[in-house]
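Each chain, written out:
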Amino acid sequence: MLNLAKRNLVNVLSAAVITLGLGSFAAITVGVPAAFASDSIESSAEDVLVLNGKLTQGALVRGQVPAGATVFLNDAKVETNRAGKFAIGFEREAPLSQQLRVELPTGEAITRTLTLQKREYNIQRIDGLEQKMVTPPAEVTARIKRDNINVANARSSNTDIDALFTRFEWPATGPISGVYGSQRILNGVPKWPHYGVDIAGPTGTPVYAPVDGIVTLADDLYYSGNTLILDHGMTVFSTFLHLDTITVSVGDKVKQGEQIGTIGSTGRSTGPHLDWRINLGKVRLDPQTVVAGSPESSEN
């Protein structure tokens, strides 16, 4: 049972960052959680909360509490699975102060104030695109709307897969040519920020599943070309854009390291690369917050 001090605990965690199996993460331990599948996290018998992730804007953070506990982020209930595992995400411009509360089956509770690191984003200018890809002609508006609906449907499932709690691997090998959060100015026109990490490589370079997943979309879309979406569980999805080929089909269950396609330059693209994205529901997150090292040295 938590003592009175722990019941009323409010800690500000801008936290020292330590290196674990998943890269540089703030490991916050107050839990009796079983360790994550591929992480090395130490916890004491009194602990009731473990968080594993980078405390920064754009991050996906995974956590665990005792089974039966309830988790709230800024007073919004967070889904937990039967083992007490959960995921939270902080969008590109998320407020730096976040309140996390855990209510135990006993009625006791702890509150943590998470202090996120503020990020500075790059501005990228991309010229030379066909004008129809910057401002699409009216005749493709219906197609774009249909694409958006199909993508939303592909990310609408909420499965009990817990692949997201394993260590992610880079899905392709090559240099990083674009990063999350950067705003793109296309042919001089400011557009939405970039919400993925780009890995450059020759057309035909293999693309692999970063962790286990189920294919929920494999289609040719107007903007992103040949596009693949994998469901990793609990509304966490990977999306792979601009593929040359897709080697799996909707409904396939794929294992980490299994080839799912090849790098290409389909859709709105100026050269062959993989645009890898991570979503927690509708929140767009930075894949580099869940994977360690560099894709230039990635081994699959």
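Structure: above.
Residues numbered from 1 in each chain as written. Predicted model: local features only at pLDDT ≥ 70, side-chain atom pairs only at ≥ 80, totals over all residues. Heavy atoms only, no water.

1. Looking at the nonpolar core
Right, so step 1: The biggest cluster of nonpolar side chains holds 32 residues, and the ones touching the most others in it are L60, F240, I260, L274 and W276.
Right, so step 2: Put simply, the parts of the chain that give this core at least two residues each are β15 (197-200), β18 (225-233), β19 (236-246), β21 (259-263) and β22 (273-280).
Right, so step 3: When residues of this core are assigned to their parent elements, the largest contribution, 4 residues, is made by β22.
Right, so step 4: Dropping the residues within four chain positions of it, L274 is found in contact with P171, A172, V197, D198, I199, V207, F240, L241, L243 and I263.
Right, so step 5: One finds L51, L55, A59 and V71 within the second-largest nonpolar core, a separate group that totals 21 residues. (Core = buried A, V, L, I, M, F, W, Y, C linked by side-chain atoms within 4.5 Å. Buried < 20%, exposed > 50% of the residue type's maximum accessible area, 1.4 Å probe, protein only. Helix = DSSP H or I, 4+ residues; strand = E, 2+ residues; numbered from the N terminus. Contact = heavy atoms within 4.5 Å.)

2. A closer look at the side chain of N279
Right, so step 1: By secondary structure assignment, the location of N279 is in strand β22.
Right, so step 2: A distance of 3.4 Å separates the side chain of N279 from the backbone oxygen of G281, its partner in a polar contact.
Right, so step 3: Non-local contacts of N279, meaning those with residues more than four positions away in its chain, are made with R155, T235, V236, F237 and R284. (Polar contact = N/O pair within 3.5 Å; in protein donor to acceptor, adjacent residues only side chain to side chain.)

3. Observations regarding the sheet that holds strand β11 (residues 123-126)
Right, so step 1: Taken together, 3 strands build an open sheet; the order of strands is β11-β13-β14 and the sheet is mixed. Only two strands of the sheet have a single neighbouring strand rather than two, namely β11 and β14 (189-193). Strand after strand, the sheet turns through a mean of 25° between neighbouring axes, direction not considered.
Right, so step 2: Judged from the 4 bridges that link them, β11 and strand β13 (residues 183-186) form a sheet pairing that is parallel. Bridge pairing in β13 links I123 to Q183. (Pairing = 2+ DSSP bridges. Axes fitted to C-alpha atoms, helices over the stretch in contact; angles between N-to-C directions.)

4. What about the packing of aromatic side chains?
Right, so step 1: Enumeration over the complete set of coordinates arrives at 4 aromatic pairs.
Right, so step 2: On the numbers, 6.3 Å between centres and 65° between planes, the contact of Y121 with Y180 is edge-to-face. Of this pair, Y121 sits in the loop between β10 (109-115) and β11 while Y180 sits in the loop between β12 (176-178) and β13, placing them 59 residues apart in sequence.
Right, so step 3: Plain terms: the ring middles of W170 and W276 are 5.9 Å apart, the flat faces sit at 70° to each other, and that makes the pair edge-to-face. Taken together, the residues span a long stretch of sequence, with W170 in the loop between α3 (141-154) and β12 and W276 in strand β22 at a distance of 106 residues. The pair W170 / W276 is uniform in exposure class, with both members buried.
Right, so step 4: Put simply, the rings of Y121, Y180 and Y195 touch in pairs and so form one group of aromatic residues. (Phe/Tyr/Trp six-rings, centres within 6.5 Å; stacked < 30°, edge-to-face > 60°.)

5. Things to note about α3
Right, so step 1: Counted at 1.5 Å a residue, the expected span for α3 with its 14 residues is 20 Å, and the 20 Å between its end C-alpha atoms agrees.
Right, so step 2: Every buried residue of α3 is listed here: I144, D147, V151 and A154. Down the axis, α3 shows its buried residues gathered within 85° of arc, on one side only. For α3, the exposed residues lying more than 90 degrees away from the buried face are A142, K145 and I149.
Right, so step 3: Where α3 is buried, its residues contact β17 (213-221), β18 and β19. (Expected span 1.5 Å × (residues − 1). Arc of directions from axis to C-beta.)

6. Quick look at the pairing of β19
Right, so step 1: Buried residues dominate β19, accounting for 8 of its 11 residues.
Right, so step 2: Where β18 and β19 come together, 6 bridges link them in antiparallel fashion. Its bridge partner lying in β19, I229 is registered against T239.
Right, so step 3: Hairpin remark: β18 followed by β19, antiparallel, with 2 residues in the connecting loop; positive phi at M234, about 55°.
Right, so step 4: With 3 bridges connecting them, β19 and β21 associate as antiparallel partners. When the bridges of β21 are listed, I246 appears paired with G261.

7. A short note on the environment of T205
Right, so step 1: By the secondary structure assignment, T205 is in the loop between β15 and β16 (206-208).
Right, so step 2: Residue classification places T205 among the buried positions, given a relative accessible area of 15%.
Right, so step 3: For the pair formed by T205 and G264, sequence separation is 59 residues and the distance between their alpha carbons is 8.0 Å.
Right, so step 4: Residues within four places of T205 in sequence aside, it is in contact with T173, G261, T262 and I263.
Right, so step 5: One polar contact links the side chain of T205 to the main-chain carbonyl oxygen of P202, over a distance of 2.7 Å.

8. Looking at the pairing of β10
Right, so step 1: The pairing of strand β9 (residues 97-103) with β10 spans 7 bridges and is antiparallel. Within β10, the position partnered with Q98 by the bridge is L114.
Right, so step 2: The turn joining β9 and β10, which pair antiparallel and follow one another in sequence, is formed by 5 residues; a positive phi near 100° is taken by G107.

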